[in-house]
Structure formats: C-alpha cells, structure tokens
Amino acid sequence: MIGNFIGVLFDGIAYGSLLFLISVGLSVTMGMMNFINLAHGAFAMVGGYVCVTLLQKLGMPFLATLPLAFVAAAVVGLVLERTLYRQLYQATHLDQVLFSIGLTFMAVAGATFLFGPTQQPVNLPDWLRGQVHVLGLDVGSYRLFLIGVVVLVTLGLYLLIERTRFGAQIRASVDNQTAAAGLGINVSRVFSLTFALGSGLAGLGGGLGIDVLGLDPSFPLKYMVYFLLVVAVGGAGSIKGPLIAALILGVFDVAGKYYVPEVGAFVIYTLMVVLLILFPFGLVRRKA
C-alpha cells in the first residue's frame, strides 16, 4: 500500500511538472502583461504536432525534436503577438477572452484539417521506456525525465527573470511602461520576446506531454481549464506560485483518479475552490 501511495505521488509530481511547464507562460502573459490568453493551449498543441511530424516524417530523434518544438511555438507566438495580440493589450478582458477563445477554435479546426481528428502516437527512445530502480522503488523512466526537465527549466527561468538584464527590463516594463520607455527600454520588443518565451515553453510542454496528455485537435480545449487552474491558484505573474499549484493539483488529480475513480474530476475542482477561498490572490503574489 505504501508502494502504491509513493507511486501515485511520483506520477502526480510528474503530471504536475508537465502542467507547470505548459502553464508558466500563461502566468507570465496574464500576470505580467495583463492579457487573458485562453489560446495558450494552442501553442502547446503546435509544439506537440511539430514533434510528431518530425518523428514520423523525418525520423528525427525524440530529444532533437524538443528544441524545434520550442522554437516553432515561439515563432508562432511572436508572429501572432506582432500582428494580432498587441492590438488588444489595452482592450477589455472580455474582448481578450473572446479573441483568444476564437483563436483556439481556429487552431482546433486547422489541426483537424491538417492532421485529422485522431490521437497522435509518439515513439519514445528505449531509454525513456519502462521503469528504473530508484531508492528501492520502481519509477517510470519518462516521468523521471519530465521532472528533471522541469527542474532545469524552472532554474533557468528564475535566473532569466531575477538575475539578467532582460529580466529587469521585463519587470520594469510591467510595473510602468512609460517610465521604462523613458529609460530607453524598448517595451514593445520586451513584450514580444516575453510572449514568444511563454509560447515556446508551452510548445516544449506540448511536445513532452504527448505520451502523458495525448495529442489531438481538441487538446487546447481539453486542458484549458487545467492551465487556468494552475495560474489562478498559484498566482499570475510568478514562477514559484504556479509551480506549487501545479504540483498540488497534479498529485490530487492523479490520486483522485486512482483511489476514487468514480468521482472523476470532482476532487480537483473541490481542491480549487478550497485553495481559492484560503488564498484568493493565489498562493504566491507577484512582487510589486
């Protein structure tokens, strides 16, 4: 029984890590750029389909497709930010929601037309299949790999935002665009690169998540609520908050499906309500 509990805990952490990787970009756009982007899952789907296409059509190694998934989603995000999103930065949240949900449905229709409505398979390398023996326990190799990737990405993001000139420009641009521009910061370029970074991380998560979350044209709609939950519970605009929230939600979601499968997603939504009552501004609030 203890072994089952630890296994569920491990799978929940791996699942939560994946949710965080995809959702952290949404946390940036919502918390720092004050834009409600419900189409964030579409960028994750772009990364997923790039991985599948490179694997199936070109026979590229799985690990080689991941950086390309990041780049592809980042480029799509950059183009859309330059052409469409920036037109709505000053718009009402309702306009932003309507625009992004419309973009989501267009992405779903486009993916259905190009790739069909079925689930896409992914062939993982042999060393990512099966289980490995760690501290007396057998854990999934791919789950362990996911956790390792998220640890590296989290450290990289923290260093980027807190320890680099670009991170200081992001914080300055968010806090006061006029003052930042007066100091010589190209606020428009900073926002574009920030949006591209968030989109790229979503694409990377989409590629990594094919084996765990699955991939079909309904992906952006299927997981939209989960990504929003991570940001709402964790606190938009931070890294630590969504990470904690994603791990909590991942563990409880997996545990609920394992121990009380008849309840379904009720566990996760109940937990969300409780956490939002206790922490109405999120687990971690962005520093002013």
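Each remark here, short or long, concerns the structure printed above.
None of the values given here were measured: they were computed from a predicted structure. (Residues numbered from 1 in each chain as written. Predicted model: local features only at pLDDT ≥ 70, side-chain atom pairs only at ≥ 80, totals over all residues. Heavy atoms only, no water.)

## Here's the deal with the nonpolar core
What counts, and what does not: In these notes, a set of buried Ala, Val, Leu, Ile, Met, Phe, Trp, Tyr and Cys residues joined through side-chain atoms within 4.5 Å is what counts as a nonpolar core. Each residue's exposure class comes from its accessible area (1.4 Å probe, protein chains only) as a fraction of the maximum for that residue type: buried when under 20%, exposed when over 50%, partly exposed otherwise. Residue contacts follow a heavy-atom distance rule, with two residues in contact if any of their heavy atoms lie within 4.5 Å.
Counting residues in hydrophobic clusters, the biggest one holds 69 residues, and the most contacted among them are Phe62, Tyr85, Tyr142, Phe145, Leu208 and Phe219. Leave out the neighbours within four places in its chain, and Tyr142 touches Phe62, Leu124, Leu128, Gly207, Leu208, Asp211 and Val212.

## What about the packing of aromatic side chains?
Basically, it comes down to this: Any two of the Phe, Tyr and Trp rings considered here, Trp counted by its six-membered ring, make a pair once their centres fall within 6.5 Å; the pair's planes then place it as stacked at under 30 degrees, edge-to-face at over 60, or tilted in between. Under the scheme used here, helices are H or I runs from DSSP no shorter than 4 residues and strands are E runs no shorter than 2 residues, and both carry numbers assigned from the N terminus.
Per the stated rule, a full pass over the model turns up 15 aromatic pairs. Between the aromatic rings of Tyr85 and Phe99, the centroid separation amounts to 5.2 Å while the plane-to-plane angle is 90°, which identifies the pairing as edge-to-face. Linking Tyr85 in the loop between helix H3 (62–83) and helix H4 (93–115) with Phe99 in helix H4, this pair joins segments that are 14 residues apart in sequence. Since its relative accessible area comes to 0%, Tyr85 is described here as buried. Judged by centre distance (5.9 Å) and plane angle (90°), the rings of Tyr89 and Phe191 are edge-to-face. With Tyr89 in the loop between H3 and H4 and Phe191 in helix H8 (residues 187–208), this residue pair connects regions lying 102 residues apart in the sequence. For Tyr89, a relative accessible area of 15% gives the class buried. These aromatic residues form a ring-pair network of at least three members: Phe35, Phe43, Tyr85, Tyr89, Phe99, Phe191 and Phe195.

## A short note on the packing of helix H11 (residues 224–234) against helix H12 (residues 240–259)
Angle between the axes and distance between the axes are the two parameters that describe a pair of packed helices. Heads up, the rule is: Here the axes come from fitting lines to C-alpha atoms, over the contacting stretch only for helices, and the angles between their N-to-C directions go from 0 to 180 degrees. Small angles under 35 degrees read as roughly parallel and large ones over 145 as roughly antiparallel, with 65 to 115 read as roughly perpendicular and the rest as oblique. If you view the pair so one helix is near and one far, a crossing is left-handed when the near helix is turned anticlockwise from the far one by less than a right angle, and right-handed when it is turned clockwise. Ten residue types, Ala, Val, Leu, Ile, Met, Phe, Trp, Tyr, Cys and Pro, are classed as nonpolar, four, Asp, Glu, Lys and Arg, as charged, and the remainder, Gly among them, as polar.
Where H11 contacts H12, the axes come no closer than 8 Å and their chain directions differ by 130°. With respect to their mutual orientation, H11 and H12 come out oblique. The hand of the H11/H12 crossing is right-handed. Every residue of H12 that contacts H11 at Tyr226, Leu229, Val230, Val233 and Gly234 is listed here: Gly241, Pro242, Ala245, Ala246, Leu249, Asp253 and Lys257. Considering only residue class, the contact of H11 with H12 consists of 8 nonpolar, 2 polar and 2 charged.

## Some remarks on helix H6 (residues 165–175)
Just so we agree on the cut-off: Think of it as the arc spanned by the lines of direction from the helix axis to the C-beta atoms.
Regarding H6, the residues found buried are Gly167, Gln169, Ile170, Ser173 and Val174. Around the axis of H6, the buried residues are gathered within 160° of arc, so they sit on the same side. Here the buried face of H6 lies against helix H5 (141–163), helix H7 (177–182) and H8.

## Here's the deal with the environment of Ala232
Relative to the helices and strands, Ala232 is located in helix H11. Placed 205 residues apart in sequence, Ala232 and Ser27 show a C-alpha to C-alpha distance of 8.6 Å. Setting aside residues no more than four positions away along its own chain, Ala232 makes contact with Leu276 and Gly282.

## Focus: the pattern of salt bridges
Just so we agree on the cut-off: Whenever a carboxyl oxygen of Asp or Glu lies within 4 Å of a side-chain nitrogen of Lys or Arg, that contact is scored as a salt bridge.
Within this structure, the stated rule accounts for 4 salt bridges. Across the pair Asp216 and Lys222 runs a salt bridge, and its minimum N-O distance is 2.9 Å. Residue classification places Asp216 among the buried residues on the basis of a relative accessible area of 7%.

## Description of the side chain of Thr154
As a reminder, the rule being used: Each polar contact in these results corresponds to two N or O atoms within 3.5 Å; when the atoms are within protein, one needs to be able to donate a hydrogen and the other to accept it, and residues that are neighboring in sequence are counted only if both atoms are side-chain atoms.
Tracing the chain through its elements places Thr154 in helix H5. The exposure class of Thr154 is buried, given its relative accessible area of 14%. Here Val150 takes part through its backbone oxygen, which lies 2.7 Å from a polar atom of the side chain of Thr154.

## Points about H3
Selection rule: Take the residue count of a helix, subtract one, and multiply by 1.5 Å to get its expected span.
An ideal rise of 1.5 Å per residue puts 32 Å on 22 residues; H3 measures up with 32 Å between its terminal C-alpha atoms. Looking at H3, one finds that the buried residues are Phe62, Thr65, Leu66, Ala69, Ala73, Ala74, Gly77, Leu80 and Glu81. Buried positions along H3 lie against helix H2 (40–57), H4, H5 and H8.

## Some points on the environment of Ile248
By secondary structure assignment, the location of Ile248 is in helix H12. The exposure class assigned to Ile248 is partly exposed, which follows from its relative accessible area of 25%. Along the primary structure Ile248 and Ala64 are separated by 184 residues, whereas in three dimensions their C-alpha atoms are 31 Å apart. Those residues in contact with Ile248 that sit more than four places away from it in its chain are Leu271, Leu275 and Leu283.

## Re the side chain of Ser192
Its location among the elements puts Ser192 in helix H8. Under the relative-accessibility criterion, Ser192 is labelled buried at 0%. Reaching out from Ser192, the side chain makes a polar contact with the side chain of Arg82 at a distance of 3.4 Å. Every residue in contact with Ser192, bar those within four places of it in the chain, is listed here: Leu78, Glu81, Arg82 and Arg86.

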